[in-house]
Amino acid sequence: MAKSFLSLATLGVQQLRPYLPGKPVEELERELGITGSIKLASNENPLGPSDKAVEAIRKYSHSVNFYPDGGGFKLSARLAEKFNVDRACVTLGNGSNDILELAARAFLTPETSAVFSEYSFAVYPIVVQAVGAQANVAKAFSLDHATMPLGHNPESLLASVDENTRVIFIANPNNPTGTWLPPQVLKQLLNDLPDDVVVVLDMAYNEYMDESLQIDASEWLAKFPNLIITGTFSKIYALAGLRIGYSLSSPEIADVLNRVRQPFNTNLLAQEAALASLDDKEHIKSSVAINDQGKAFLQKSFDDMGLDYLPTMGNFIAVNLRRDGQVIYDALLQKGVIVRPVGNYNMPEFLRITIGTEEQNKRFIKTLSEIIA
Ligand SMILES: *Cc1c(COP(=O)(O)O)cnc(C)c1O
């Protein structure tokens, strides 16, 4: 009898537990027999994409018989200008997830290790496991930490690096916690890390952070040739469905990533929509504003309800229900409010709520209050 194909797969793949994405709204509504539900589960921008992006998608929809620009010239040039770096520093990805995977494939083998924190983004263990590398999981701050409960602990990240470590993943701010490392702490960590360890600084929520916490990419890249900063158009730019992200790194690292990426990894509509989005400053401003207001409203509501939550610089909040989060998640779901349970992150008593529109936030709080009353 033939062996199972799973047993024929590489060891890393055999032990892989795939990412569990949130279900699309349509599918859930069909399953539950409900309509009019709201999705606050995947940190998508509730305002929808920029009109400029939609216009670009319309305009270029007639050109999809052509392959996209494999080098993504226009978009990388625009990103280079925005961040004041050389165009050779920019790599485009099919979502920033693509870049995380390129980094793992380029630098990791079963003989090497990668470091990331507990409670950090679920994609890191997956890309590390897929190539069979060892995951050194750093202890995060405890739940009773004074300022950054469950946040990345720079000391334990550093201590988790061993002689085989090639890559460290740091999400700033982190998903699902929302916690962050201030620039001076991050810089110290980069100074302390061996300079042959590639540091992937995942800044998917960068645009939502207080400006005082945002870093000067150009200055940091000049100082740290081992740094890869990743960014995405999925979050504030509201193009998650198009899959487009990027990284900024030294030209040498960009060359390495370029060797492992597919020739046409980013699609034509995504490139054009991303380009148009970068020009829509108003859309970004309104997105930040609605997020700030929603965050204040949710935090106040949680305070009133006596619920703890983690500090956040993202467009989401992790709230501590002090009871089985999955049960509350299911109850919310029945009432058409879709949020994210985070038991798979070892946070079984939390739920992660994407900050929505005023109306969505109110509906969520009202429904949650009814459930836990
Ligand atoms: C959402 C998210 C991303 C973005 O993923 P894309 O592939 O760009 O859609 C990356 N990192 C973190 C931490 C995220 O939460």
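Details of the structure are given in the entry above.
Conventions adopted
- Residues numbered from 1 in each chain as written.
- Predicted model: local features only at pLDDT ≥ 70, side-chain atom pairs only at ≥ 80, totals over all residues.
- Heavy atoms only, no water.
- Near = heavy atom within 4 Å.
- Polar contact = N/O pair within 3.5 Å; in protein donor to acceptor, adjacent residues only side chain to side chain.
- Core = buried A, V, L, I, M, F, W, Y, C linked by side-chain atoms within 4.5 Å.
- Buried < 20%, exposed > 50% of the residue type's maximum accessible area, 1.4 Å probe, protein only.
- Domains from an automatic or database assignment.
- Contact = heavy atoms within 4.5 Å.
- Salt bridge = Lys/Arg side-chain N within 4 Å of Asp/Glu carboxyl O.
- Helix = DSSP H or I, 4+ residues; strand = E, 2+ residues; numbered from the N terminus.
- Phe/Tyr/Trp six-rings, centres within 6.5 Å; stacked < 30°, edge-to-face > 60°.
- Lys NZ or Arg CZ within 6 Å of the ring centre and 35° of its normal.

All right, on to the site of the ligand then. In the vicinity of the ligand, the contacting residues are Gly95, Ser96, Asn97, Phe121, Asn175, Asp202, Ala204, Tyr205, Thr232, Ser234, Lys235 and Arg243. The contact in question runs from an oxygen atom of the ligand to an N or O atom on the side chain of Ser234, over 2.6 Å.

This next bit is on the nonpolar core. By size, the foremost hydrophobic cluster in this structure holds 57 residues, and its most contacted members are Leu75, Leu79, Ile170, Leu227, Phe233 and Leu248. Looking at which domains feed residues into this core, each of domain 1 (5-48 + 282-372) and domain 2 (62-278) supplies at least three. Ignoring any residue separated from it by four or fewer positions in sequence, one finds Leu75 in contact with Leu92, Phe233, Ile244, Gln271, Ala274, Leu275 and Leu278. By size, the runner-up hydrophobic cluster in this structure holds 33 residues, among which are Ala114, Val128, Val198 and Tyr345.

Pairing is possible between side chains that carry opposite charge, provided their charged atoms lie close to one another. On inspection of all chains with the given rule, the structure shows 11 salt bridges. Between Glu358 and Lys362 there is a salt bridge; the shortest N-O distance is 3.0 Å. One end of the pair, Glu358, and the other, Lys362, are both in helix α15 (residues 358-372), four residues apart, so they sit about a helical turn from each other. Of the residues examined, Glu358 reaches a relative accessible area of 56% and is grouped as exposed.

So, about the packing of aromatic side chains. Inspection of every chain in the model, using the stated rule, returns 11 aromatic pairs. Here Tyr205 and Phe316 contribute two aromatic rings whose centre-to-centre distance is 5.0 Å and whose plane-to-plane angle is 65 degrees, an arrangement assigned as edge-to-face. Of this pair, Tyr205 sits in the loop between β6 (198-202) and α10 (217-223) while Phe316 sits in strand β10 (residues 316-320), and the two are 111 residues apart along the sequence. Tyr205 sits in the buried class, given a relative accessible area of 3%. Assessed through its relative accessible area of 0%, Phe316 is described here as buried. Residue placement shows Lys82 over the ring face of Phe83; its charged tip is 5.3 Å from the ring centre. Residue placement shows Arg352 over the ring face of Phe316; its charged tip is 5.9 Å from the ring centre.

Keep in mind these values describe shape, not function.
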